[in-house]
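Residue-level structure breakdown
If you want the building blocks of each chain, they are given just below.
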Amino acid sequence: MNEKPYGYIPLLLISVSYFTSLLLVTNGFIYRYLQVCKTHLFNIYSTLKNKAIGVVINLVLVASHVFVVYVCFWPNEQFAHLVHQDNVTNFDVLGSTFLGFSTKYRSNWTNETLVLSNLMILLLMEYIHFFCARKIAICIRKSALSNRSQTLQRQMFILLLVQAVCPVIFLHIPTAASLLCLFAGFSTTSTAIYAIGVLMALYPFFNPLIVVIFVRDYRNFVLINLRLRADPQQTNTSITPHKRLFFSTRE
């Protein structure tokens with residue numbers, strides 16, 4: 001799968017998942033903000049037309065990210081020969097697929113503007129997370145809901161916060177560190193390179209694990225199937241023998 005041209009398919013999927021992970025969390029924050037704090041707007045935006053507009057906006061953002069990856073990070077022959085000559089990797093670069101950025105062959109005003117614009121979109125989504133989280137916390141604290149409803153709202157709010165932190169730690173901070181070292185000209189050690197790779201590789205493991213831990217139904221399902229918790233629906237039945245007395249009367 002790492003040979004050309006089929007190797008670009010999983011690379012493109014990984015790149016899209018990198019962006020959509022944050023985009024889905026942003027949609028979740030906006031949804032919760034409208035549901036908790038702006039009920040009248042939530043009812044308006046719940047129409048089919050507004051949902052379609054939201055889907056189109058998400059598709060445009062994903063398409064813009066794919067465009068930036070293709071224009072700025074898709075390697076050309078000069079970049080591939082540069083990596084091959086510098087012995088950056090131990091595999092056949094010329095016959096394999098990879099993504100990368102070169103300040104020697106790709107550093108121009110257009111590419112730098114596209115990369116910075118993509119980073120600005122990511123920062124904007126992070127700001128939306130912060131804004132919505134702050135407003136949701138205030139609305140939950142001031143709401144007139146019952147204690148049970150407030151507890152459920154807080155649990156979902158905490159889950160949303162953890163889901164927002166997960167891609168930041170495992171994806172965006174390593175990527176930002178890589179871009180900072182690239183454009184600033186900082187030299188990196190092999191330990192830093194391995195740490196960045198390990199963090200990004202652990203994201204697919206921790207992202208669903210967070211949902212399983214915080215959602216009770218999922219957590220109970222996993223624990224029961226792993227035989228770490230008894231199934232509450234399975235009841236032990238026992239039959240207790242008892243004696244029956246029969247009476248007969250004769251007239």
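Numbering of residues starts from 1 in every chain and runs along the sequence as written. Residues qualify for local features only when their pLDDT is at least 70, as the model is predicted, and side-chain atom pairs are given and counted only at 80 or more; totals for whole chains, interfaces and linings, by contrast, use all residues. In computing side-chain properties, one takes all heavy atoms of the structure into account and sets aside hydrogens as well as water.

Under an unreviewed UniProt entry, the name given to the protein chain is 7TM chemoreceptor, and the organism recorded is Ancylostoma ceylanicum.

1. Here's the deal with the packing of aromatic side chains
For Phe, Tyr and Trp, where Trp contributes only its six-membered ring, two rings pair if their centres lie within 6.5 Å, and the inter-plane angle classes them as stacked under 30 degrees, edge-to-face over 60, or tilted in between. Enumeration according to the criterion identifies five aromatic pairs in this entry. On the numbers, 6.4 Å between centres and 25° between planes, the contact of Tyr 127 with Phe 131 is stacked. With Tyr 127 and Phe 131 both in helix H5 (residues 109-142) and four residues apart, the pair spans about one turn of that helix. The rings of Tyr 33, Tyr 127 and Phe 131 are connected pair by pair, giving a single aromatic cluster. Numbering of helices and strands runs from the N terminus; a helix is a DSSP stretch of H or I covering at least four residues, while a strand is a stretch of E covering at least two.

2. Considerations on the state of the cysteines
Criterion for a disulfide: a pair of cysteine sulfur atoms within 2.5 Å. For the coordinates displayed, the defined rule picks out one disulfide. For Cys 37, the disulfide goes to Cys 139, at an S-S distance of 2.4 Å. Around the S-S axis, the bridge from Cys 37 to Cys 139 shows a dihedral of about 130° and counts as right-handed. Of this pair, Cys 37 sits in the loop between helix H1 (8-36) and helix H2 (39-45) while Cys 139 sits in helix H5; the two residues are 102 residues apart in sequence, bridging distant segments of the chain. A relative accessible area of 24% places Cys 139 in the partly exposed class. Of all cysteine sulfurs in the structure, the one in Cys 37 sits closest to Cys 132, which takes part in no disulfide; the separation is 8.3 Å. Throughout this description, buried means an accessible area under 20% of the type-specific maximum (1.4 Å probe, protein chains only), exposed means over 50%, and partly exposed covers the range between.

3. Details of helix H7 (residues 190-214)
Over its 25 residues, H7 extends 36 Å from the first C-alpha to the last, a length consistent with the 36 Å expected when each residue adds 1.5 Å. Each residue is assigned a bend, namely the angle between axes fitted to the seven residues that terminate at it and the seven residues that start at it. Tyr 203 marks the point of greatest bend in H7, at about 40°, and the proline Pro 204 comes within the next four residues. Here a helix's expected span is defined as the number of its residues, less one, multiplied by 1.5 Å.

4. Considerations on the packing of H1 against helix H6 (residues 147-184)
Note on geometry: axes are C-alpha line fits, over the in-contact stretch for helices, and angles between N-to-C directions span 0 to 180 degrees. Closest axis-to-axis distance for the H1/H6 pair is 10 Å, and the angle between their directions is 155°. The angle between H1 and H6 falls in the class roughly antiparallel. Crossing of H1 over H6 shows left-handed handedness. Residues Tyr 18, Ser 21, Leu 22, Val 25, Gly 28, Phe 29, Arg 32 and Val 36 of H1 form the contact with H6, whose own contacting residues are Gln 153, Met 156, Leu 160, Leu 161, Gln 163, Ala 164, Pro 167, Leu 171, His 172 and Thr 175. Partitioned by chemical class, the residues of the contact of H1 with H6 number 11 nonpolar, six polar and one charged. Should an angle lie under 35 degrees it is considered roughly parallel, over 145 roughly antiparallel, and from 65 to 115 roughly perpendicular; all remaining angles are considered oblique. A clockwise turn of the near helix away from the far one marks a right-handed crossing, whereas an anticlockwise turn of less than a right angle marks a left-handed crossing. Note on contacts: a residue pair is in contact if any heavy atoms of the two residues lie within 4.5 Å. Residue type decides the class: Asp, Glu, Lys and Arg count as charged, Ala, Val, Leu, Ile, Met, Phe, Trp, Tyr, Cys and Pro as nonpolar, and the leftover types, Gly among them, as polar.

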